[in-house]
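Structural characterization, general
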Amino acid sequence: MAGRINDDDVKAVRDAVPIDSVVSEYLQLRSAGGGNLKGLCPFHDEKSPSFQVSPGKGLFHCFGCQEGGDTIAFVMKIDHLSFSETVERLAAKAGITLRYEEGGYNPSHQRGERIRLIEAHQAAAEFYVRALESPEAEIGRKFLAERGFDQDAATHFRVGYSPAGWDHLTRYLRGKGFSDKELITSGLSQDGRRGPIDRFRGRLMWPISDTAGDIVGFGARKLRDDDNGPKYLNTPETPIYKKSQVLYGIDLAKKDIAKASRAVVVEGYTDVMACHLAGVTTAIATCGTAFGNDHIKILRRLLMDNGSARVIFTFDGDAAGQKAALRAFEDDQKFAAETYIAIAPDGMDPCDLRLAKGDDAVRDLVEPRTPLFEFALRQIVGRYDLETPAGRAAALDEAAAVVAKIKTSSVQREVAVQLAGFVGILDQEFVVRRVAQLARWARDKGGEKGGRGGPQDRRGGAPQHSAQAVQAPAAPSGPALNLRSPAHRTERELLKLALQKPALVSPAFDAYGADEFTAPPYAAVRQCIAEAGGAERGLGDNREYLVAVMDAAPNNTVRSLVTELAVEVFMGRTIDETYAGMQLVHVRLRAVDRRIDEVQGSLARLGSNVAPDDLAAAQNEVWVLQQYAQSLRAKGADAL
């Protein structure tokens, strides 16, 4: 039984491995100000980065899904490791020898399963690389040379060769101390009549690494006609290898993908090699499966979904490639990056293109030209006879259903207009309406009517005329918090002030209603502060005050938000009465402006149907509110 790792060693590991260096192996980090870094959370889907890393504190926290902790907690969560496995992995990275409280240290028994499987793959990769130099591997070296890859290229990509015998690798790894069970579990060996035998025999071998650079599997290409297996044979699903969650070349390409905000998706291992050698160092490929949702998540974390991000797919021009493009287009709705498709002349893949026309042709191929949506729609439309009304109608029906899947209404409309041109329908608005109708039907069928993003959500928490008309919700609901929204940002700052520095906002803050906070989660926190006695209570024992606020939370979600706001750093450089006054004024002013718009909107909708007395009362309210708004803009906090 494995012993417990010495507490001092755990602390040494935690201190020795910077959290930002570990996290940056999985996602792109950028400055968040105040010494913090930010990126797209690897634990949930998001388009705006809410995942923050504090190198100085050695902590991470996602303000979207509430995951947080230190370096060990991050690795445990993202790689699904036990505590001991994680400490062992980080200790190896830092060169720290661990001590165990119970019994001696036996690497073969006390190292976690994932660590052992990765070590087995690393040893196998070294074995395969050496085997590529053997006389038997001449056929593999010839295969590489015929495709334009010399020895330096093979070394750079760690290409190897698996000997044709039954158990060369199995016997080698046994000699390294790996058990038969570990070899079978790793997928490097398989059960034979007399025990484990090599899974890969007589093939060219490409190591497949995860984002952190650990080898988790292999891709094997057959070389001989008497090999009855498939052309490409990949590692089977194992505890460390999931083909839908790995991208070949990601370990080599991730830094350049993040730096250039661009990724090139190709179809095979040799295509990745050709692209990288031609200078396209952002190329990656899937491993025996279609490009899907999990691959999108990997790229999004590296691309950060900024406005300049580009994803270029290089599919073959044949039917299979067209099918892949349509499938990718559907998945593309989850990308914020712009996606394009590149098809080489005569349908050549990047490897063939480099051989035929050189590196410049490969670099030119992947320059964004044809938007993926355009290619996908043209493939659909091209299957119909557009010279006949029936053909145009059928093409529109199929293509419109694809366009209707676009989530952003403005983009959906723009693509619908272009679809009208592809089909040859002059009435663009007819096509726009048709697409919108299909989108509504899809939402209704999926039970999304009135859900997130619907009219009720967009209304937010607009203040009502009566302070008693709106109570803070028992639990947060409505649209997700957007830290880029000026309103949400100011409301967040004001709540942080009320929790962390109540003296700067009291007593004015306690006169604010929950309805003055447009985000329902913030309204819930405001209600908790009120139930705890208001910000004025924080002028005494601040710790007792925060406990009271958390106790007032109706559930763990609101309680988590309270603690989050109580520790989050402020956005301003100087936190004083002037800064606090600005937040108080901005929140109140937005509430006043919303009320003015609400009353005026009601009058406009009712028109001449408003009773004279009600009209006079409403006009008077608008006048009073406008005067108050003018005073707030002129006098600031003094007008509160």
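Scroll up a little and you will see the structure.
Let us look at the structure shown here.

Reading guide: rules and limits
- Residues numbered from 1 in each chain as written.
- Predicted model: local features only at pLDDT ≥ 70, side-chain atom pairs only at ≥ 80, totals over all residues.
- Heavy atoms only, no water.
- Helix = DSSP H or I, 4+ residues; strand = E, 2+ residues; numbered from the N terminus.
- Buried < 20%, exposed > 50% of the residue type's maximum accessible area, 1.4 Å probe, protein only.
- Contact = heavy atoms within 4.5 Å.
- Salt bridge = Lys/Arg side-chain N within 4 Å of Asp/Glu carboxyl O.
- Lys, Arg positive; Asp, Glu negative; His and termini not counted.
- Pairing = 2+ DSSP bridges.
- Axes fitted to C-alpha atoms, helices over the stretch in contact; angles between N-to-C directions.
- Phe/Tyr/Trp six-rings, centres within 6.5 Å; stacked < 30°, edge-to-face > 60°.
- Lys NZ or Arg CZ within 6 Å of the ring centre and 35° of its normal.
- Parallel < 35°, antiparallel > 145°, perpendicular 65-115°, else oblique.
- Left-handed = near helix turned anticlockwise from the far one by under 90°.
- Nonpolar A, V, L, I, M, F, W, Y, C, P; charged D, E, K, R; others polar.

Comments concerning the overall build of the protein
Counting its regular elements, the protein contains 27 helices and 16 strands. Burial analysis of the protein (640 residues in total) assigns 47% to the buried set. Intrachain contacts of the protein at a sequence separation of at least 6 include 66% that bridge at least 24 residues.

Digging into the pattern of salt bridges
Across all of its chains, the model carries 31 salt bridges by this definition. Ionic pairing is found between aspartate 251 and arginine 158, a salt bridge with its closest N-O pair at 3.4 Å. You can see aspartate 251 sitting in helix α11 (residues 250–260) and its partner arginine 158 sitting in the loop between α8 (151–156) and β6 (160–162), a full 93 residues away along the chain. By relative accessible area, which is 21% here, aspartate 251 ends up partly exposed. The class for arginine 158 is partly exposed, based on a relative accessible area of 30%.

Notes on the side chain of threonine 270
Mapped onto the fold, threonine 270 is located in helix α12 (residues 269–277). Residues contacting threonine 270, with those up to four places away along its chain left out, are Phe143, Phe149, Trp206 and Cys351.

Some remarks on the side chain of aspartate 271
Here aspartate 271 shows up in helix α12. There is no salt bridge for the buried aspartate 271, and the closest opposite charge comes from arginine 147, which lies 8.8 Å off by N-O distance. Once residues within four sequence positions are removed from consideration, aspartate 271 is found in contact with Val266, Asp349, Pro350 and Cys351.

Examining the sheet that holds strand β3 (residues 51–54)
By way of backbone hydrogen bonds, the strands of a sheet pair with one another, either parallel or antiparallel. An order of β1-β2-β3-β4-β5 is seen for the five strands of this open sheet, with the pairing classed as antiparallel. The strands lining the two open edges of the sheet, one partner per strand, are β1 (30–33) and β5 (68–70). Pairwise comparison of adjacent strand axes, ignoring direction, gives a mean angle of 25° for this sheet. One ladder, built from three bridges, connects strand β2 (residues 36–39) with β3; its direction is antiparallel. Its bridge partner lying in β3, leucine 37 is registered against valine 53.

Remarks on the packing of aromatic side chains
Taken as a whole, this structure holds 16 aromatic pairs when the rule is applied. Ring geometry for tyrosine 26 versus phenylalanine 74: centroids 5.7 Å apart, planes at 70°, classification edge-to-face. Taken together, the residues span a long stretch of sequence, with tyrosine 26 in the loop between α2 (19–23) and β1 and phenylalanine 74 in helix α3 (residues 71–79) at a distance of 48 residues. In this pair, the class of tyrosine 26 matches that of phenylalanine 74, namely buried. An aromatic cluster is present here, built from Tyr26, Phe43, Phe51, Phe60 and Phe74 joined pairwise through their rings. A cation over a ring is seen here: lysine 77 above phenylalanine 43, with NZ or CZ 5.8 Å from the ring centre. Above the plane of the ring of phenylalanine 143 lies arginine 147, whose end atom (NZ or CZ) is 3.6 Å from the centre.

Here's the deal with the packing of helix α18 (residues 389–403) against helix α19 (residues 409–423)
Contact geometry of α18 with α19 gives a least axis separation of 11 Å together with a crossing angle of 160°. Here α18 is positioned roughly antiparallel relative to α19, judged by the angle of their axes. Where α18 crosses over α19, the two elements pack in a sense that is right-handed. In this structure, α18 uses Arg392, Leu396, Ala399, Ala400 and Val403 to contact α19, whose residues at the interface are Gln412, Val415, Ala416, Leu419 and Val423. Its residues placed into classes, the contact of α18 with α19 shows eight nonpolar, one polar and one charged.

Considerations on the sheet that holds strand β9 (residues 203–209)
Strand order in the open sheet formed by four strands is β6-β9-β10-β11, with antiparallel pairing between adjacent strands. Single-partner strands in this sheet number two, and they are β6 and β11 (232–234). Going from strand to strand, the sheet's axes swing by 35° on average, the running direction of each strand aside. Sheet topology places strand β10 (residues 215–222) next to β11; three bridges connect them, and they run antiparallel. If you follow arginine 221 over to β11, its bridge partner there is tyrosine 232.

Here's the deal with the pairing of β9
With seven of its seven residues buried, β9 lies for the most part within the structure. Across three bridges, β6 lies against β9 in antiparallel orientation. Paired with glycine 160 across the strands is methionine 205, a residue of β9. Examined bridge by bridge, β9 and β10 share seven bridges and lie antiparallel to one another. Residue tryptophan 206 lies in a different strand from β10, and its bridge partner there is glycine 219. Counted between consecutive antiparallel strands, the loop separating β9 from β10 contains five residues, among which glycine 213 sits at a positive phi close to 95°.

Regarding the pairing of strand β15 (residues 338–341)
Relative to β15, strand β14 (residues 310–313) runs parallel, the two being bridged by four bridges. Looking across to β15, one finds that valine 311 is bridged to threonine 339. Where β15 and strand β16 (residues 370–371) come together, two bridges link them in antiparallel fashion. In the sheet register, tyrosine 340 faces β16, and the bridge partner there is proline 371.

Side note on the packing of helix α26 (residues 577–606) against helix α27 (residues 612–635)
Look at α26 against α27: their axes get within 10 Å of each other, and the N-to-C directions meet at 155°. By the angle between their directions, the pair α26 and α27 is classed as roughly antiparallel. Once α26 is placed against α27, the crossing between them reads as left-handed. Residues Val585, Arg588, Leu589, Val592, Asp593, Arg595, Ile596, Val599, Gln600 and Leu603 of α26 pack against Leu615, Ala618, Glu621, Val622, Leu625, Gln626, Tyr628, Ala629, Leu632 and Arg633 of α27. A per-class count over the contact of α26 with α27 returns 13 nonpolar, two polar and five charged.

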